[in-house]
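Coordinate inspection notes
Chain by chain, the residues run as shown.
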Amino acid sequence: MSATEGLAEHGRRVYLDTASGEALHPAARQSFAAALETAYADPRRLHHAGRAARLVLDNARAATADALGLRPDEVTFTSSGTDAVHRGLLGLHRGAERHGDTIVHTAVEHSAVLQAASWTRSPTRSIPVDAEARIDLDALDLEDATVVACQSANHEVGTLQPVAELAARLDGVPLFVDACASAGRLPLPDGWSALAASAHKWGGPPGVGILAVRHGARWREPFPEDDRAAERESGFENVPAILAAAAALRAVVDERDAECVRQHALVDRLRTVVGGLPEVEVVGSPDDRLPHLVTFSCLYVDGEALVTELDRQGFEVASGSACTSSALEPSHVLAAMGALTHGNVRVSVGRDTTDGDVERFLAVLPGVLGDLRARL
Amino acid sequence: MLELDCRGLVCPAPVIELARRIGDVAAGELVGVVATDAAARYDVPAWCRMTGQEYAGEETADDGVPRYVVRRVR
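Residues numbered from 1 in each chain as written. Chains lettered and ligands numbered in written order. Predicted model: local features only at pLDDT ≥ 70, side-chain atom pairs only at ≥ 80, totals over all residues.

In this assembly, 14 residues from chain B lie in contact with 19 residues from chain A. When residues of the side of chain B that touches chain A are traced back to their parent elements, those giving at least two are helix H1 (13-21) and helix H2 (40-51) of chain B. The greatest single-element share of the side of chain B that touches chain A, amounting to 6 residues, is contributed by H2(B). Of the residues contributing to the side of chain B that touches chain A, the split by class is 13 nonpolar, no polar and 1 charged. (Contact = placed C-beta atoms within 7 Å. Helix = DSSP H or I, 4+ residues; strand = E, 2+ residues; numbered from the N terminus. Nonpolar A, V, L, I, M, F, W, Y, C, P; charged D, E, K, R; others polar.)

This is the structure we're talking about:
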């Protein structure tokens, strides 16, 4: 690809895939650089350099806990959001294995949850969802359940799940919440025993996940134990990245009241205009949703071709269509909702996205769809 | 029933074929989309919903490949 490709009309590329990963928040850069110099040692060592790293790690933990409304001793840093999901879900499952054997999860969980559940070879049971991807609480079946997994919000279509209502119906079965899609942008829901979040979704660096386990929750190490200072820790933490993640989180939480309203309005604008295009369906809840993302499916269009053509025009978006995934299976989220799975695009905005970016995208999209359909 | 052999075609080709051929049958008649592509199971019913046609259910062709049946209503 040439360096000027896709820059023609408006002079810069427009990144509309913050739900996959957001650029590093400016507030994180300085912390990151400083900690690379000072926090290189093993935080468990008793020498000066080790204590310096420990101080940075403890400060980052305190700031993270404060921003998320947690206690510092509930927070463990992991090597990714996926790692936090695996440890959170499987640790609760192991902790309850005397009470049952079945992992219950929503039909629209992230594949990290589904793969972890399947890896145990334990029975699994899915909670169905409606056409907006919201779980059907009346279909909940807790027989032999060790754990119930429910996302805070859907990562593909943005619909918020009724986590508190679900938690009220669990009758002592622990709840695992995958909060990767919402953490930072929205307050965490209540009622869970373990929760996972991911720093690069809020503008921290990649490679930092948060595993939160409530004080008193029955969580048991599902993987080989590590000889670290605290339970649940595994491996030598990336202390500079963790500090940067905490700095980004604090900044995002500080600015989120205004920023979420702004991003919500950008997505409203996208939903309105895209929803008016012929043979295009916007999916997910229009109101009860994440502020920053929208998904739509376009009849008679190949999702891969759509992503590629939009990229050529300077717009970077994601797709849940089968033709864009390695598995050649359609998105299980779209399938569970009964939504059209081909021609699917997810657009997600961030702090750098302007009204002009959204308007330019909306100006280009109808022509791209028309061209792709004309090639049939 | 008009049967469309979409074996081996990947999404969105089976649905494109369905849209091209639905007009070949009269209102009230059936079109069967025989497709190996996994997405057709979701996309044929979604197409019916989006275009105002009726999804009549899933059958199995003689070779075991799913057949998604659509009733033309308009």
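Our next topic: helix H7 (residues 303-312) of chain A. Among the residues making up H7(A), those that are buried are A:Gly303, A:Leu306, A:Val307 and A:Leu310. Taken down its axis, H7(A) places every buried residue within 95° of arc, on the same side. (Buried ≥ 20, exposed ≤ 12 C-beta atoms within 10 Å, placed from the backbone. Arc of directions from axis to C-beta.)

Attention now goes to the sheet that holds strand S12 (residues 344-348) of chain A. All names here are of chain A. What the 3 strands build is an open sheet, ordered S9-S10-S12; its pairing is antiparallel. Only two strands of the sheet have a single partner each, and these edge strands are strand S9 (280-283) and S12. Each adjacent strand pair in this sheet contributes to an overall mean axis angle of 25°, direction not counted. Of the pairings in the sheet, the one linking strand S10 (residues 293-298) to S12 comprises 5 bridges and is antiparallel in character. If you follow Thr295 over to S12, its bridge partner there is Arg346. Sheet strands in contact with helix H6 (residues 239-275) are S9, S10 and S12, and its direction is about 10° off that of S10. (Pairing = 2+ DSSP bridges. Axes fitted to C-alpha atoms, helices over the stretch in contact; angles between N-to-C directions.)

With 15 residues, helix H3 (residues 81-95) of chain A should cover 21 Å at 1.5 Å per step; its first-to-last C-alpha distance of 21 Å lies within 8% of that length. Counting buried residues along H3(A), 14 of its 15 residues qualify, which places the element largely inside the surrounding structure. (Expected span 1.5 Å × (residues − 1).)

As a measure of interface size, the accessible area lost when the parts come together is often cited. Residue and element names in this part refer to chain A. What the domain assignment lists for chain A is domain 1 (14-24 + 256-374) and domain 2 (26-251). Taking only C-alpha atoms, the centre of domain 1 and the centre of domain 2 are 27 Å apart. Listed by partner, the interface residues are 25 residues for domain 1 and 26 residues for domain 2. Of all the secondary-structure elements, those providing two or more residues to the side of domain 1 that touches domain 2 are H6, S10 and helix H8 (332-337). Looking at the side of domain 1 that touches domain 2 residue by residue, the class counts come to 12 nonpolar, 8 polar and 5 charged. (Domains from an automatic or database assignment.)

As a further point, take the confidence of the model for chain B. The predicted model of chain B has a mean per-residue pLDDT of 96, with 100% of residues at 70 or higher. Model confidence for the complex: the whole-complex pTM is 0.95, and ipTM, which rates the interface, is 0.95. (pLDDT = per-residue confidence, 0-100.)

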